Amino acid sequence: MLERRCRQSTRDAVWAHLVLRSRTEGATWTVAAVGMALPALTSVTARLTDRFAADPADVAGEVLRGFLAAVTTIDLRRPKIMLRLRWAAFRAGHAAVAEALAAPTPLPSGFFSRAPHPPWGHPDLVLARAVDEGVLTRIEAAVIGATRLEELPMADWAARSRMKLWAAYKMRQRAEARLRAYLCEDTAEPTAPRRQPRPPRPRSVTDSRGRSGRKVRRGMSKTGSDSGVQERETTPSSPRRSEVPPCA
């Protein structure tokens, strides 16, 4: 059966006999069919588990299950019976490998951070947070959630809320603009601090003749007689000595 010189018609005749006896009598003939297909099933399992890190016994079990399921349903009037049984076994094993690879990676026991449970990341939570922070009102969050997330027609929502259709559209448009700005601001990178303005330049004092005199800064206290600020006391100079000598 495995030699190249064996004709395809001979192989189909043998497999048709095995499949018919397995369907009618089962038991020993089913085991005989599996034994005859063992080289092909082993090859399929080795190909599927070549780079599969998990237990290959699970894949082997699915390959065998796919083969036995095909034995009960395969069309014996078509040629290449064994080839079609082999592909049925391969598809069952391949589905098992794909399901195992798509499953979440198991974590070791202990206290570790795990992915949060649903409804984490749900858009309704974003709307609820926007309402809590005063970005949206409850009716604005309701119109966005109903018409955008639940795909309710705006005309139906406006009729339920007893609102004119154009007013509902206008309210949703303004609410979405605020929500968009809020979300962009929440995820934007911090900007550089603004540059402080320069202090104003001091003004110059001009006398009555138009000549510029000493510059006076704003906020400086005056030193005139009407300012209420007392000038620093000076020590009086000693009186000039009289030219006439004092009388003895």
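Here goes a summary of the coordinates provided.

Rules behind the numbers
Residues numbered from 1 in each chain as written. Predicted model: local features only at pLDDT ≥ 70, side-chain atom pairs only at ≥ 80, totals over all residues. Heavy atoms only, no water. Helix = DSSP H or I, 4+ residues; strand = E, 2+ residues; numbered from the N terminus. Buried < 20%, exposed > 50% of the residue type's maximum accessible area, 1.4 Å probe, protein only. Contact = heavy atoms within 4.5 Å. Areas by Shrake-Rupley, 256 points an atom, 1.4 Å probe, with all protein chains shown as cover. Phe/Tyr/Trp six-rings, centres within 6.5 Å; stacked < 30°, edge-to-face > 60°. Salt bridge = Lys/Arg side-chain N within 4 Å of Asp/Glu carboxyl O. Core = buried A, V, L, I, M, F, W, Y, C linked by side-chain atoms within 4.5 Å. 1 Å grid on protein atoms, 1.4 Å probe; cavity = no way out; pocket = protein on both sides within 12 Å on 5 of 7 lines; lining within 4 Å. Points joined across faces, edges and corners; volume = space filled by probe spheres on them. Nonpolar A, V, L, I, M, F, W, Y, C, P; charged D, E, K, R; others polar. Expected span 1.5 Å × (residues − 1). Patch = residues over 30% accessible without salt bridge, like charges linked within 9 Å, V, L, I, M, F, W, Y side chains within 5 Å.

Here we take up the overall build of the protein. Within the protein, the regular secondary structure consists of eight helices and two strands. Starting at the N terminus and ending at the C terminus, the protein contains elements arranged as α-α-α-α-α-α-α-α-β-β. Taking all 248 residues of the protein together, the buried fraction comes to 23%. Contacts spanning at least 24 positions in sequence make up 49% of the contacts within the protein whose residues lie at least 6 apart. When the accessible surface of the protein is split by element, carbon and sulfur atoms take 55% of a total near 20,600 Å².

So, on to the packing of aromatic side chains. Scanning all chains against the criterion turns up two aromatic pairs. Their ring planes at 80° and their centres at 5.4 Å tell us that W87 and F90 sit as a pair that is edge-to-face. Separated by three residues within a single helix, W87 and F90 lie in helix α4 (residues 81-102), roughly one turn from each other. Judged by its relative accessible area of 37%, W87 is partly exposed. Taking relative accessible area as the criterion, F90 reaches 15% and is therefore assigned buried.

What follows covers unusual backbone geometry. Located in the positive-phi region is K80, a residue other than glycine, with phi close to 60°. Inspection of the secondary structure puts K80 in the loop between α3 (56-71) and α4.

Applying the stated criterion to the full structure yields six salt bridges. Taking the shortest distance from any N to any O, the salt bridge between R178 and E140 comes out at 2.4 Å. Pair noted here: R178 is in helix α8 (residues 165-187) and E140 is in helix α6 (residues 138-149), with a separation of 38 residues, a long-range link. Its salt-bridge partner being E176, residue R148 comes within 2.6 Å of it at the nearest N-O pair. Taken together, the positions of R148 in helix α6 and E176 in helix α8 put the pair 28 residues apart, joining distant regions of the chain. Looking at R148, the relative accessible area reads 44%, which means it is partly exposed. Classification of E176 by relative accessible area gives buried; the value is 17%.

Residues W15, L41, L48, V63, F67 and L85 are the most contacted members of the largest nonpolar core, which totals 25 residues. Within the residue set of this core, elements represented by two or more residues are α1 (8-24), α2 (28-48), α3 and α4. The contact partners of L85, leaving out residues within four places of it in the chain, are W15, F67, A70, V71 and I74. A146, L152, A168 and Y182 belong to the second-largest nonpolar core, a separate cluster that totals 17 residues.

Estimates place the volume of the largest pocket at around 400 Å³. Together, 13 residues line the largest pocket, and M1, L2, R11, W15 and M82 are the ones closest to its centre. Those elements that provide at least two residues to the lining of the largest pocket are α1, α2 and α4. The element contributing the most residues to the lining of the largest pocket is α2, with four residues. Residue composition of the lining of the largest pocket, grouped by class: nine nonpolar, one polar and three charged.

Right, let's get into α4. For an α-helix, the turn length of 3.6 residues means that residues three or four places apart are oriented alike. Given a rise of 1.5 Å per residue, 22 residues ought to cover 32 Å, and the 32 Å separating the end C-alpha atoms of α4 matches this to within 8%. Burial in α4 covers these residues: I81, M82, R84, L85, A88, A89, F90, A92, G93, A96 and V97. Buried residues in α4 make contact with α1, α2 and α3.

This next bit is on α1. Counted at 1.5 Å a residue, the expected span for α1 with its 17 residues is 24 Å, and the 24 Å between its end C-alpha atoms agrees. On its buried face, α1 sits against α2, α3 and α4. Where α1 ends, the next residue or the one after it, G26, has phi of about 65°, a positive value.

Here we take up a nonpolar patch on the surface. Together, M1, L2 and M36 line one region of the surface with nonpolar side chains, adding up to about 310 Å² of accessible area. Along the chain, the position of L2 falls in the segment before α1.

Checked against the element boundaries, A175 lands in helix α8. In the structure, A175 is positioned 40 residues away from V135 in sequence and 8.3 Å away in space, judged by C-alpha atoms.

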